[in-house]
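Examination of the molecular architecture
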Amino acid sequence: MLSREDNERLCRVGPGTPMGNLFRRFWLPALLSSEIPIPDSAPKRLRILGEDLVAFRDSGGRVGIVDAYCPHKQAQLFWGRNEECGLRCAYHGWKFAIDGSCVDIPNLADGENLKRKMAITAYPAREAGQVIWIYMGPKDKQPELPAFEWTELPDDQVNVSRWLQCSNWAQGMEGEIDSSHIAFLHAAKREDLKLPRPFSAYMPDIADGPPEFTLNETDYGFVYGTRRRMKSPDEYFWRVTQWLIPMYSLIANQDYPRAGRAWVPVDDEHVTTFSYMFNGDRPFTDDELTSLGRGMYFPPRLSQGAHKLPDGYVIDTFLPTAHGGNDYLIDRDLQRDANFTGIFGTNEQDRAIQESQRAIPGVPHGRIVDRSRERLIPTDVPVITARKILLDLAKALEDGIEPPQAARGDLYRVRAVAAVTGHAELDPFLSDFVDRKDRRI
Ligand code: FES
Ligand SMILES: [Fe+2]
């Protein structure tokens, strides 16, 4: 459990909050490069860490992420014209470049002097791994991009998607490192090929019984392993995955691409989930891409659209087909006969739970979990550890100590593994599976 106060410190990320300040020390995924695909394409509305923003690609192909509102009369720049290296407000024509500078005030005869005073907030943006990244922290503290493997591979070996989840970022992130739910929430009958295969179907020779957990803290966060006994003696099936500061996961799959997720807060009650799937050594096959589009795992079934947030601001995002408004399309016959939940896809199952957990007083259910009521057990150690690391880093930052991970993009060059081995301990197992000299694990 967490005290009410620590729960608030963990979850709230608006400007000036301790966790918001910590997130603002890192590059964060903001949107997919394909959402603003070509120069002068339509701008996109975003909210990140509680700040309303608009992203656009200018005539030179450069990306700008700027304040959503025009300084003149607070009109939304989303309605503007993206033309000739800037975004021109649709109301009276003021124009802004990707660095936020005001480059034209056409409704004033002598607008030259005024332009200099009308710059708007603009955050640095970069592109890597088919994602546009944003840095929202102090100018003199700009960090390194995390050197994830998937950000450095050719495009045809990587598949990135994103979608809206209606919960605080932390409960999504915590589901990611909650290994013991997989055998329950995501269980399905092995022979039903229309459903996501349960974890055990990948390894039919696993002996039954709960797995053993091992966790080692590292300089990027922690690495943790689940060890299951195989039916043959002295063999173990290990899944070894990472949690990386402030909210990344890496997942190993045996016969499926490598994967992971990033949880980027929209505000305190919404999060954008970024899912990255990648093959280290070959392009995706057509079958794999077709499979990804079916919504069985990550991403869920999606459509591109606009979502009105409770205060009326609209964001452009990807919206899950199964959501709280339709009970995630639960099918009780399916639940009786074929899978644990009656809900189709892996992420759809996760979201059904995470978007409905009991909330702190005053907040709609599902939005910020009331962690003061939890009764955690030893299998929750990864979640407990992640919370502690983040709260400690946020406290240190309040005391003037910068998070060292922000300046070390190389720390993120790690791989998750899933394999059968004779090693009963995590450390020697890991040393066997470092498969590139420059990759840490
Ligand atoms: S409100 Fe944008 S130019 Fe007037
Ligand atoms: Fe899950």
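Since the model is a prediction, treat every value here as computed from it, not as a measurement.

1. Re the sheet that holds strand β6 (residues 87–88)
Backbone-to-backbone hydrogen bonds pair the strands of a sheet. The strands run either parallel or antiparallel. An order of β5-β6-β7-β8 is seen for the 4 strands of this open sheet, with the pairing classed as antiparallel. Looking along the sheet, the strands with just one partner apiece sit at the ends: β5 (81–82) and β8 (102–104). With 2 bridges joining them, β6 and strand β7 (residues 95–96) adopt antiparallel strand pairing. Paired with arginine 88 across the strands is lysine 95, a residue of β7.

2. Some details on the domain arrangement of the protein chain
Taken domain by domain, the protein chain holds domain 1 (27–141) and domain 2 (149–433). Spacing between the C-alpha centres of domain 1 and domain 2 amounts to 32 Å. Across the boundary between the two partners, domain 1 contributes 27 residues, which contact 25 residues of domain 2. Contact between domain 1 and domain 2 buries roughly 2,100 Å² in total, counting both sides, with carbon and sulfur atoms accounting for 57%. Of all residues in domain 1, Arg45, Arg47 and Gln130 give up the largest surface area on contact with domain 2, accounting jointly for 34% of the area buried on that side. Here domain 1 is connected to domain 2 by 4 salt bridges. A salt bridge links arginine 162 to glutamate 35; the nearest nitrogen and oxygen atoms lie 2.7 Å apart. Across the contact surface, domain 1 and domain 2 share 12 residue pairs in polar contact (both at pLDDT 80 or more). Among the secondary structure elements, those contributing two or more residues to the side of domain 1 that touches domain 2 are β1 (27–32), β2 (44–48), β3 (51–57) and β11 (131–135). For the side of domain 1 that touches domain 2, the leading source of residues is β1, giving 6 residues. Residue classes in the side of domain 1 that touches domain 2 are distributed as 17 nonpolar, 4 polar and 6 charged.

3. Re the coordination of the iron ion (ligand 2)
Within the protein, the atoms that donate to the iron ion (ligand 2) are His181 (NE2), His186 (NE2), Asp350 (OD) and Asp350 (OD), at distances of 2.0 to 2.7 Å. Around the iron ion (ligand 2), the 4 donor atoms sit at angles spanning 53 to 154 degrees, and that spread fits a shape best called irregular.

4. Overview of unusual backbone geometry
In this chain, isoleucine 245 is followed by proline 246 through a cis amide linkage whose omega measures 5 degrees. With respect to the element layout, proline 246 can be found in the loop between β15 (236–244) and β16 (248–250). Positioned with a positive phi, aspartate 327 is a non-glycine residue whose angle comes to about 50 degrees. Note that aspartate 327 resides in the loop between β20 (314–320) and α8 (332–337). The class of aspartate 327 is exposed, set by a relative accessible area of 54%.

Rules of the game
- Residues numbered from 1 in each chain as written.
- Chains lettered and ligands numbered in written order.
- Predicted model: local features only at pLDDT ≥ 70, side-chain atom pairs only at ≥ 80, totals over all residues.
- Heavy atoms only, no water.
- Pairing = 2+ DSSP bridges.
- Helix = DSSP H or I, 4+ residues; strand = E, 2+ residues; numbered from the N terminus.
- Domains from an automatic or database assignment.
- Contact = heavy atoms within 4.5 Å.
- Buried area = accessible area lost by both parts, 1.4 Å probe.
- Salt bridge = Lys/Arg side-chain N within 4 Å of Asp/Glu carboxyl O.
- Polar contact = N/O pair within 3.5 Å; in protein donor to acceptor, adjacent residues only side chain to side chain.
- Nonpolar A, V, L, I, M, F, W, Y, C, P; charged D, E, K, R; others polar.
- Donors = N, O, S within 2.8 Å, 3.2 Å for Na, K, Ca; no water.
- Tetrahedral: all angles 85-135°; square planar, octahedral: opposite > 155°, others 65-115°.
- Buried < 20%, exposed > 50% of the residue type's maximum accessible area, 1.4 Å probe, protein only.

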